Amino acid sequence: MAEPGVETCTRSSVITARAAATFEPVGRSVATARAFVRDTLQGWGYGDVVDDAVVLTSELVTNAVIHAGTAADVLCLRTEDGVRVEVADRYPEREVPLQGSGRAQVHPERENGRGLLLCAALASRWGVEYSPTRKQVWFQLDLPERPVGTRSAGPALPDDLLPVADERVRVAVAQIDRNGTISAWNEDAERLFGYAADQVAGKPLGDFAAWPHTPGIGTGLAEALRLSRWEGSYGIRCADGRVIPVYASHLRVRDTHGEPSTVCLLVRDYERAVLQSPSRTPVTDSGSEGRSSDPFEVFIGSPAPDDLDGLLQRTVERARDMLDGDAAFLLLATDDETELEVRATTGLPSARQRFARVPVESGTGRYSSARMPAVHEDLTAVHGAVPLLTGTGMRSVVTVPLKVEGRLTGSLGVAAEAAGRYSNEEALRLQFAADRIALAVESARLGELERLRRGSLSFLVEASDLLAGTLDRDQTLALMAQMTVPTLATWCAVYTIADQSSDPYLSYVLHEDEDRIDGLKALLSKIPPPEPVPSPGARVWTAPSDAAHEAALRTSMRELGYGSGSLTSGVGTSLATAAAVGGETVVLPLVARNRVIGMLTLGKPSDDHFRQEILELAEDLSRRAALALDNARLYSERTAISQSLQRSLLPPGLPQVPGVEVDVIYRAAGEGNEVGGDFYDLFPIRDNAYGFAIGDVCGTGPEAAAVTGLARHALRLLAREGFGGPAVLERLNAAILDEGARSRFLTLLYGELWPQEDGSALLKVVCAGHPLPLRLRPDGTVEPAAEPQPLLGVMDDLELYEETVTLDPGDVLLCVTDGVTERREGSRMLGDDGLMDVLTTCTGLTAGAVTARVMRAVERFAAEPPSDDMAILAMRVPEPHTD
């Protein structure tokens, strides 16, 4: 029986495509699964639901590979009206936390089970299915409804009233790439305009178009080609020099790789009926005289823009034209209705004003509130009445509110350069228009917010995954910057704080234009860093903009001869840096573990402003980035401490032994380990006497390294006190056993070396459970140079003895740990015999060459990296030189 609230309906829609993949139970599989679903849906043209699908897949695959610990099978199914994604794991006994209300009983802050909450929130339908071997969670995302059927139709007409066209109607088709150049040109285009396809390919459409610059129309050819859809008239210059009026329909499309282009259909202007979208006929009621056209379309025009920015821009242009103004603007209210954000302007410096914020309530008096219509006959008489128009030269203005169900959603205004242009009559006309469009604007705004929310969620999922994938401080700083530029800001700078007593330090700078990075870094290095305030949220920081403009001004004055001092940089460089940081700059604190560890600074160019939604997203990112940066700091500190302690366990260097070549190679197993359970040493005992040792403590890592330090220091101390080899090892055995539960058994080869006057070397060795040392003679024979004896750290009473070995000129003594002899590849092991075979090939080589050849043979024996510590010690008595 299905659990309440979980749908287990079978698939009823026709499946038109499928894609499947399996992901292993490792952390990186989550990102790989997201990329698989994103690429699949985008390839199917289902971009409307990609963000939701990626977020849901990420959570469900995380549950499978991280929490359930099994492989995840992901299946994408395409239908005519949506997509279904199935994520299955192989842990069927896991329970689904549900209750009768149909809501997943999972706390939002818990990772495990959060995918079911998201399914309930985002999916059109979802469910859980069980089988004896697996559990499957699926979700369905339906495509947004698109209008179908007849858009418009006209009545049957007599033949003599039909539009006039040539006997052969030709429709020219030109495709314009993202750079505005022609990439396709059909045969009808060649016949209409006289250009062959190879004559126009790669050239801008503007080279052939005669665009009408009609007063009151703000859209040019370049803007028209970037709109999602456009219809209208212009001219095409033919090959013979004539300009043919054409009627065009532009449609913006993208190919399966996401590359945008514009398809232009063109006919002769008098044949426009072939392409022109007919105006909607008035809707009439039977028995009545008929109603007027839709007031919204009367004001906006048809077809209405299908995106918020296009709708707002069309609104301000129509409002300006309706009241014959010089400028117009539209502001949208924040959710709490305390501020208005500039979203569209015409006739004003929009780059400077876009996304700027002004208060809803600006003062006392009749015109103090944006909640009521207002007419200002002369702005010079009421200073600051409309902050947006300060310094623009506008004298009179009329503003009206946009309201939906009594709630303020925005403000629309029209301004003129002359005083006294507007009265209450114009305010009523503008208010009537605002009432017609308010609902459409609010609907488009909410749609944009929803898309931003989904995009933000997907962005944060990706950001968290990237930040969690590294513990390197420099890489974390680079990731922080690369995730913010250019997605959230034009440039960013990261300041770090080492400790509470340190000043903020400029650690990383990035600009979307790489040529601006050096100038920006130089500018920020010269000004005091922002104050490390722990309070959350973004705060405006004006110092970079002020300093850039002052530097540009000083440089310009020196260039003109009005300033003192030599010219250190050109005017162009200073002005470019000033423009790069000329917009709004905000600072967000990086707080981790209740401490400010740095600041994330984001900036915009040319007096640009940040949207509130972007700042909220940046604040979310800064919290995640701060924790990742602090984790990297802690990891670096602990690694540095660990490596410092480990290095203290190795000999500082090998002494020079007269008449004997000595070389050592040491490899510790495990990431970040410099010392493990294997160790070596060579040290002077007294005049012409040297001690050497090579040993292996049971295990690897820091625990084994602790016994390594005890053994190495005890050997040196006891040998220099005059004890012989057996006595040294017996006392070391007692010291290891005194460690109690922390003790570990130890294999050890210890010896003393005396170079002789005849060119040989005398050795006395004790081999306590260690791989036997091998002696290589000049004729290539190899033989063990000692007998095995009991290892250390197991028995209290040891009876050890030492053996005497004489190395003649040309002889080599090779000592290794079991990491060398026990090197494995499947069921094969190098072993003592394999090591002897390698050593046989080393006749005539120096001690360094012998250790290098042995290590190379060990590494090549298996494809996998070594899993055990390894130490190789070679001593060779060189042969006398003969002339």
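Nothing here was measured: the structure is a model prediction, and the numbers come from that model.

What counts and what doesn't
Residues numbered from 1 in each chain as written. Predicted model: local features only at pLDDT ≥ 70, side-chain atom pairs only at ≥ 80, totals over all residues. Heavy atoms only, no water. Helix = DSSP H or I, 4+ residues; strand = E, 2+ residues; numbered from the N terminus. Contact = heavy atoms within 4.5 Å. Areas by Shrake-Rupley, 256 points an atom, 1.4 Å probe, with all protein chains shown as cover. Axes fitted to C-alpha atoms, helices over the stretch in contact; angles between N-to-C directions. Parallel < 35°, antiparallel > 145°, perpendicular 65-115°, else oblique. Salt bridge = Lys/Arg side-chain N within 4 Å of Asp/Glu carboxyl O. Buried < 20%, exposed > 50% of the residue type's maximum accessible area, 1.4 Å probe, protein only. Core = buried A, V, L, I, M, F, W, Y, C linked by side-chain atoms within 4.5 Å. Left-handed = near helix turned anticlockwise from the far one by under 90°. Nonpolar A, V, L, I, M, F, W, Y, C, P; charged D, E, K, R; others polar. Phe/Tyr/Trp six-rings, centres within 6.5 Å; stacked < 30°, edge-to-face > 60°. Lys NZ or Arg CZ within 6 Å of the ring centre and 35° of its normal. Expected span 1.5 Å × (residues − 1). Pairing = 2+ DSSP bridges. Patch = residues over 30% accessible without salt bridge, like charges linked within 9 Å, V, L, I, M, F, W, Y side chains within 5 Å. Lys, Arg positive; Asp, Glu negative; His and termini not counted. Charge placed at Lys NZ, Arg CZ, Asp CG, Glu CD. pLDDT = per-residue confidence, 0-100. Polar contact = N/O pair within 3.5 Å; in protein donor to acceptor, adjacent residues only side chain to side chain.

Peer 1: How would you summarise the overall build of the chain if you had to cite specific residues and measurements?
Peer 2: Within the chain one finds 20 helices and 34 strands. Considering only residue pairs separated by 6 or more positions, the chain has 62% of its internal contacts joining residues 24 or more positions apart. Looking at the chain as shown, the accessible area adds up to about 43900 Å², and 50% of this sits on carbon and sulfur atoms.

Peer 1: Can you break down the packing of helix H8 (residues 308–322) against helix H10 (residues 424–468) residue by residue, with the values?
Peer 2: Each pair of packed helices gets described by two things: the angle between the helix axes and the distance between those axes. At a minimum axis separation of 10 Å, H8 and H10 run at an interaxial angle of 170 degrees. Comparing the axis directions of H8 and H10 gives the class roughly antiparallel. Within the contact between the two elements, H8 uses Leu308, Asp309, Leu311, Leu312, Thr315, Ala319 and Met322 and H10 uses Arg429, Leu430, Ala433, Ile437, Ala440, Val441, Ala444, Arg445 and Glu448.

Peer 1: Mind laying out the pattern of salt bridges, listing which residues take part and the relevant values?
Peer 2: The full count for this structure, using the stated rule, is 36 salt bridges. Note that Arg272 and Asp269 form a salt bridge whose closest N and O atoms lie 3.0 Å from each other. We classify Arg272 as partly exposed; its relative accessible area is 27%. Where Glu661 meets Arg876, a salt bridge forms, and the shortest distance between an N and an O atom there is 3.3 Å. Taken together, the residues span a long stretch of sequence, with Glu661 in strand E23 (residues 661–667) and Arg876 in strand E34 (residues 870–876) at a distance of 215 residues.

Peer 1: Account for the nonpolar core, with residues named and values stated.
Peer 2: With 50 residues, the main nonpolar core has Leu467, Met480, Leu524, Leu590, Leu602 and Leu621 as its most contacted residues. A per-element tally of this core places helix H15 (residues 612–647) first, with nine residues. Counting residues in hydrophobic clusters, the runner-up holds 37 residues, among them Val55, Leu56, Val61 and Val137.

Peer 1: Tell me what's going on with the packing of H10 against helix H11 (residues 473–484), and back it up with residues and numbers.
Peer 2: In the contact formed by H10 and H11, the axes pass within 10 Å of each other and the chain directions differ by 165 degrees. For the element pair H10 / H11, the angle class is roughly antiparallel. For the crossing formed where H10 meets H11, the hand is right-handed. Contacts between H10 and H11 pair Phe459, Ala463, Leu466 and Leu467 from the former with Thr476, Leu479, Met480 and Met483 from the latter. For the contact of H10 with H11, a count of residues per class yields seven nonpolar, one polar and no charged.

Peer 1: Can you lay out the packing of aromatic side chains for me, pointing to particular residues and giving the numbers?
Peer 2: Per the stated rule, a full pass over the model turns up five aromatic pairs. The aromatic ring of Trp138 is capped on one face by Arg84, whose charged end is 3.9 Å from the ring centroid. In this arrangement the basic side chain of Arg828 is found over the ring face of Phe861, its NZ or CZ atom lying 4.4 Å from the centre.

Peer 1: Tell me about H8, residues and numbers included.
Peer 2: Spanning 15 residues, H8 covers 21 Å between terminal C-alpha atoms, matching the ideal 21 Å at 1.5 Å per step. Taken residue by residue, H8 has Leu308, Gly310, Leu311, Leu312, Thr315, Val316, Glu317, Ala319 and Arg320 as its buried positions. Looking one or two residues beyond H8, the residue adopting positive phi is Asp324, at roughly 55 degrees.

Peer 1: Which residues make up the sheet that holds strand E24 (residues 678–686), and what are the values?
Peer 2: In sheet architecture, strand pairing relies on hydrogen bonds along the backbone and comes in two forms, parallel and antiparallel. Reading across from one edge, E24-E25-E26-E27-E30 is the order of the five strands in this open sheet, with antiparallel pairing throughout. Both edges of this open sheet fall to E24 and strand E30 (803–807), since each of them pairs with a single strand only. Averaged over all pairs of adjacent strands, the angle between their axes in this sheet comes to 20 degrees, without regard to strand direction. Looking at chain direction, strand E26 (residues 746–755) and strand E27 (residues 761–768) are connected through eight bridges and run antiparallel. Paired with Leu753 across the bridge in E27 is Leu763.

Peer 1: I'd like a description of a negative patch on the surface, backed by residues and values.
Peer 2: Taken together, the side chains of Glu512, Asp513, Glu514, Asp515 and Asp518 present a region of like negative charge at the surface. For Glu514, the location among the structural elements is in the loop between strand E19 (505–511) and helix H12 (517–526). You can call Glu514 exposed: its relative accessible area is 65%.

Peer 1: I'd like to hear about the confidence of the model for the chain, residue by residue, with values.
Peer 2: Per-residue confidence for the chain gives a mean pLDDT of 80, with 83% of residues at or over 70. Overall, residues 94–112 carries pLDDT values under 50, and its contacts beyond four positions in sequence, including any with other chains, amount to 38 contacts. A low-confidence stretch, residues 280–292 stays under pLDDT 50, and its non-local contacts, those more than four residues away or across chains, total seven contacts.

Peer 1: Talk me through a nonpolar patch on the surface; I want residue IDs and the actual numbers.
Peer 2: A cluster of nonpolar side chains, Leu157, Leu161 and Leu162, forms an exposed patch at the surface whose accessible area comes to about 280 Å². Here Leu162 is to be found in the loop between strand E5 (135–142) and strand E6 (172–177).

Peer 1: Go over unusual backbone geometry, please, and point to the residues and values.
Peer 2: Val485 connects to Pro486 through a cis peptide bond whose omega is 0 degrees. If you check the backbone angles, Asp324 has positive phi at about 55 degrees while not being a glycine. Within the secondary structure, Asp324 sits in the loop between H8 and strand E12 (327–333). A positive phi angle, close to 55 degrees, is found at Arg593, a residue other than glycine. The residue Arg593 is located in the loop between strand E21 (585–592) and strand E22 (595–603) in this model.

Peer 1: Tell me about the sheet that holds E23, and name the residues and values.
Peer 2: Overall, antiparallel pairing links the five strands, which are arranged E23-E34-E31-E28-E29 in an open sheet. Two strands bound the open sheet, and with one partner strand each, they are E23 and strand E29 (782–784). On average, each strand axis in the sheet is tilted by 20 degrees relative to the strand beside it, whichever way the strands run. Bridging between E23 and E34 involves seven bridges; their strand directions are antiparallel. Within the sheet, the bridge partner assigned to Val662 lies in E34 and is Met875. Relative to the sheet, helix H19 (residues 831–840) contacts strand E28 (774–776), E29 and strand E31 (812–816), its axis offset from that of E28 by approximately 25 degrees.

Peer 1: Requested: an account of the side chain of Glu584, with residues and values cited.
Peer 2: Looking at the element boundaries, Glu584 is found in the loop between helix H14 (571–580) and E21. In terms of polar contacts, Glu584 uses its side chain to reach the backbone amide nitrogen of Phe610, at 2.9 Å. Not counting residues up to four positions away in its chain, the partners in contact with Glu584 are Val540, Leu602, Gly603, Lys604, Asp608, His609 and Phe610.

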